[in-house]
Amino acid sequence: MFPTRLAAGLLSAALACNALAADFTLKFQSSDPSGVKNFEIQQAWASRVESMTGGRVEIDLLPVGSVVSHTETLGAMKMGVLDGHVSVTGYFSGKDPAFGLIGNTVGAWSSPDQLIDYINHGGGYELMNELYKPYGVKFVGGGGTGVESFVSKKPLDGVEDLKGLKMRAPEGLVQSVFAAAGASPVNLPGSEVYTALSKGVIDAADYTVFSTNHEAGLNEIAPHPVNPGFHSLPLIEIAMDLKEWNKLPKDIQAIMTVSARDFAQDISTQLAMADREAVNEARANPDITIHDWSAEERRKFRTIARDQWQVYAEQSPNAEKVYQSVTEYLESQGLL
């Protein structure tokens with residue numbers, strides 16, 4: 001009798017485990033390291049997808065560099081090494097300048113909401129999927145983390161101070177704009193910014209929002225942050241291997257799409273709240289001096305940036321499509 005009961009118990013446990021097993025287990029890689037707020041918000045998104053699908057989808061989200069470098073996730077999806085990523089679109093400008101232009105249209109957006117509106121309702125979603133189709137990638141959705149701050153070991157009060165400045169700037173349009181402003185941009189992943197600043201490899205960095213910079217200790221080793229930000233607002237995206245996307249039932253696809261929109265609002269809102277707290281903390285530190293550029297200096301920078309949009313648009317047919325799409329949207333909304 002005992003063995004029969006034991007077998008029945010084991011069978012019941014096995015059935016329960018099977019019932020709890022996810023129908024789709026997806027491996028994603030982030031462009032952010034573990035331990036930063038960006039990554040924590042991304043992990044919360046992955047958990048919500050699991051809850052919203054009743055456990056049918058499980059997303060294993062790995063920090064930057066866990067499988068491939070931050071610039072290689074598109075190829076990793078195509079090879080089946082990754083199922084998706086949460087990344088910054090501009091990192092793929094080496095494949096097509098269009099990704100650099102849409103990934104960070106420097107000087108275009110004054111708030112994450114403007115970028116989110118363009119993606120969801122202004123043609124950005126459709127354009128991103130058109131750009132990614134040749135790579136076998138599905139753009140699920142995205143938005144902006146926030147208008148980025150700027151960390152510097154030297155005082156920066158205007159465009160003139162950028163001349164000759166050794167600084168980290170990500171691939172694509174951002175590098176082109178800062179180079180046009182006279183700086184000497186260096187291509188480094190975000191995970192290496194602290195070390196590069198502390199060792200004097202660079203004197204400044206365009207990295208991310210004020211609170212993330214502050215929490216990472218960047219304002220302590222580079223105590224001249226520029227804030228409020230105005231120059232850079234990168235597109236952060238959720239994307240999947242197109243073949244894996246097509247395997248998902250329609251209801252799960254809809255949940256993924258809605259969850260990506262929710263993620264875009266969530267990350268920009270939470271980081272804006274964290275920024276306000278971090279700015280207050282930095283102002284209380286006598287060793288940190290926050291530099292707020294005048295309206296005139298901001299206009300000078302944006303003029304340089306917008307000239308580079310046109311230069312960048314000439315680098316590929318897709319970049320021209322992005323230029324037309326973004327500028328038409330900005331003009332229609334009275335933002336240009």
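Residues numbered from 1 in each chain as written. Predicted model: local features only at pLDDT ≥ 70, side-chain atom pairs only at ≥ 80, totals over all residues. Heavy atoms only, no water.

**Student:** How should the sheet that holds strand β6 (residues 166–168) be read in this particular structure?
**Tutor:** Strands pair in a sheet through their backbones, by hydrogen bonds, and they do so in one of two ways: parallel or antiparallel. The mixed open sheet is built from 4 strands, whose spatial order is β5-β8-β6-β7. Edge positions in the sheet fall to β5 (151–152) and β7 (184–186), since each of these pairs with one other strand and no more. Inspection of the sheet shows β6 paired to strand β8 (residues 204–205) by 2 bridges, in the parallel sense. Of the residues in β8, the one forming a bridge with methionine 167 is alanine 204. (Pairing = 2+ DSSP bridges. Helix = DSSP H or I, 4+ residues; strand = E, 2+ residues; numbered from the N terminus.)

**Student:** Looking at this structure, I do not really get the pattern of salt bridges. What am I missing?
**Tutor:** Where charged atoms from two side chains of opposite charge approach closely, those side chains can pair. Considering all chains together, one arrives at 12 salt bridges under this definition. Residues aspartate 251 and arginine 56 are paired through a salt bridge, measuring 2.7 Å at the closest nitrogen-oxygen approach. You can see aspartate 251 sitting in helix α12 (residues 250–283) and its partner arginine 56 sitting in the loop between α2 (37–52) and β2 (57–62), a full 195 residues away along the chain. Put simply, glutamate 244 and lysine 247 hold a salt bridge, and the shortest N to O gap is 3.0 Å. One end of the pair is glutamate 244 and the other is lysine 247, both in helix α11 (residues 242–247) and 3 residues apart, which spans about a single turn. Among the ionic contacts, a cluster of salt bridges with common partners joins Asp23, Arg56 and Asp251. (Salt bridge = Lys/Arg side-chain N within 4 Å of Asp/Glu carboxyl O.)

**Student:** Please clarify how α2 should be interpreted in this entry.
**Tutor:** For an α-helix the count is 3.6 residues per turn, leaving residues at separations of three or four pointing the same way. With 16 residues, α2 extends 22 Å between its outermost C-alpha atoms, agreeing within 8% with the 22 Å of an ideal straight helix rising 1.5 Å per residue. Looking only at α2, the buried set comprises Asn38, Phe39, Ile41, Gln42, Trp45, Ala46 and Val49. Taken end-on, α2 shows its buried residues confined to a sector of 160 degrees, consistent with a single buried face. Packed against the buried residues of α2 are β1 (24–30), β2, β3 (84–88), α9 (210–215), β9 (235–241) and α12. Following α2 by one or two positions, glycine 54 has its phi on the positive side, about 65 degrees. (Expected span 1.5 Å × (residues − 1). Buried < 20%, exposed > 50% of the residue type's maximum accessible area, 1.4 Å probe, protein only. Arc of directions from axis to C-beta. Contact = heavy atoms within 4.5 Å.)

**Student:** Help me understand the sheet that holds strand β4 (residues 137–144), please; the structure alone is not making it clear to me.
**Tutor:** What the 5 strands build is an open sheet, ordered β2-β1-β3-β9-β4; its pairing is mixed. With partners counted over all chains shown, the strands left at the sheet margins are β2 and β4, one partner each. Averaged over neighbouring strand pairs, the angle between their axes works out to 20 degrees when direction is ignored. As paired strands, β3 and β9 are joined by 5 bridges and run antiparallel to one another. The residue bridging valine 86 from the neighbouring strand is isoleucine 238, located in β9. Here helix α5 (residues 112–121) sits on the sheet in contact with β4 and β9, set at roughly 150 degrees to β4. Against the sheet, helix α6 (residues 124–132) engages β4 and β9, with an angle of about 140 degrees to β4. (Axes fitted to C-alpha atoms, helices over the stretch in contact; angles between N-to-C directions.)

**Student:** Hey, could you run me through the packing of α5 against helix α14 (residues 317–332) in this one?
**Tutor:** What describes two packed helices is the angle between their axes and the distance between those same axes. Relative orientation of the contacting elements α5 and α14 amounts to 115 degrees, with a least axis distance of 11 Å. Considering how the two elements wind past one another, α5 and α14 form a crossing that is right-handed. Touching Gln114, Asp117 and Tyr118 of α5 are Ser325, Val326 and Tyr329, all from α14. Looking at the contact of α5 with α14 residue by residue, the class counts come to 3 nonpolar, 2 polar and 1 charged. (Left-handed = near helix turned anticlockwise from the far one by under 90°. Nonpolar A, V, L, I, M, F, W, Y, C, P; charged D, E, K, R; others polar.)

**Student:** When you look at the confidence of the model for the chain in this model, what are you seeing that I'm missing?
**Tutor:** The predicted coordinates of low-pLDDT regions are not to be read in fine detail. With 94% of its residues at a pLDDT of 70 or more, the chain has an overall mean of 91. Confidence drops under a pLDDT of 50 for residues 1–19, and excluding neighbours within four residues, the segment shows 0 contacts in the predicted structure. (pLDDT = per-residue confidence, 0-100.)

**Student:** Sorry, what's going on with the pairing of β1 here?
**Tutor:** A regular strand places its side chains on the two faces of the sheet in alternate fashion. Looking at chain direction, β1 and β2 are connected through 6 bridges and run parallel. Its bridge partner lying in β2, phenylalanine 24 is registered against valine 57. On the question of chirality, the crossover connecting β1 to the parallel β2 by way of α2 is right-handed. Relative to β3, β1 is paired through 3 bridges, and the arrangement is parallel. Directly across from phenylalanine 28, in β3, lies its bridge partner glycine 84. (Right-handed = clockwise from strand over helix to strand, strands pointing away.)

**Student:** Would you mind going over α14 with me for this structure?
**Tutor:** Along its 16 residues, α14 runs 23 Å from first to last C-alpha, staying within 8% of the 22 Å computed at 1.5 Å per residue. For α14, every residue scored as buried is listed here: Ala319, Val322, Tyr323, Ser325, Val326, Thr327, Tyr329 and Leu330. In this structure, the buried residues of α14 make contact with α4 (97–103), α5, α6 and α13 (295–313). Just past α14, the residue glycine 334 takes up positive phi, approximately 70 degrees.

**Student:** Help me out: how do you make sense of the pairing of β4 in this one?
**Tutor:** Extensive coverage of β4 is indicated by the burial of 8 of its 8 residues. In terms of strand pairing, β4 meets β9 through 7 bridges, oriented antiparallel. From the neighbouring strand, glycine 141 faces β9, where its bridge partner is isoleucine 238.

**Student:** Before we go on, may I ask you to explain the environment of glutamate 328 in this structure?
**Tutor:** Summarising the element assignment, glutamate 328 is placed in helix α14. Given a relative accessible area of 49%, glutamate 328 falls into the partly exposed group. A C-alpha to C-alpha distance of 20 Å links glutamate 328 and histidine 231, two positions 97 residues apart in sequence.

**Student:** Looking at this model, I keep getting lost on a nonpolar patch on the surface. Mind explaining?
**Tutor:** A surface patch of nonpolar side chains, about 270 Å² in accessible area, is lined by Val67, Met79 and Val81. Mapped onto the secondary structure, valine 81 falls in the loop between α3 (73–78) and β3. The partly exposed category is assigned to valine 81, whose relative accessible area is 38%. (Patch = residues over 30% accessible without salt bridge, like charges linked within 9 Å, V, L, I, M, F, W, Y side chains within 5 Å. Areas by Shrake-Rupley, 256 points an atom, 1.4 Å probe, with all protein chains shown as cover.)

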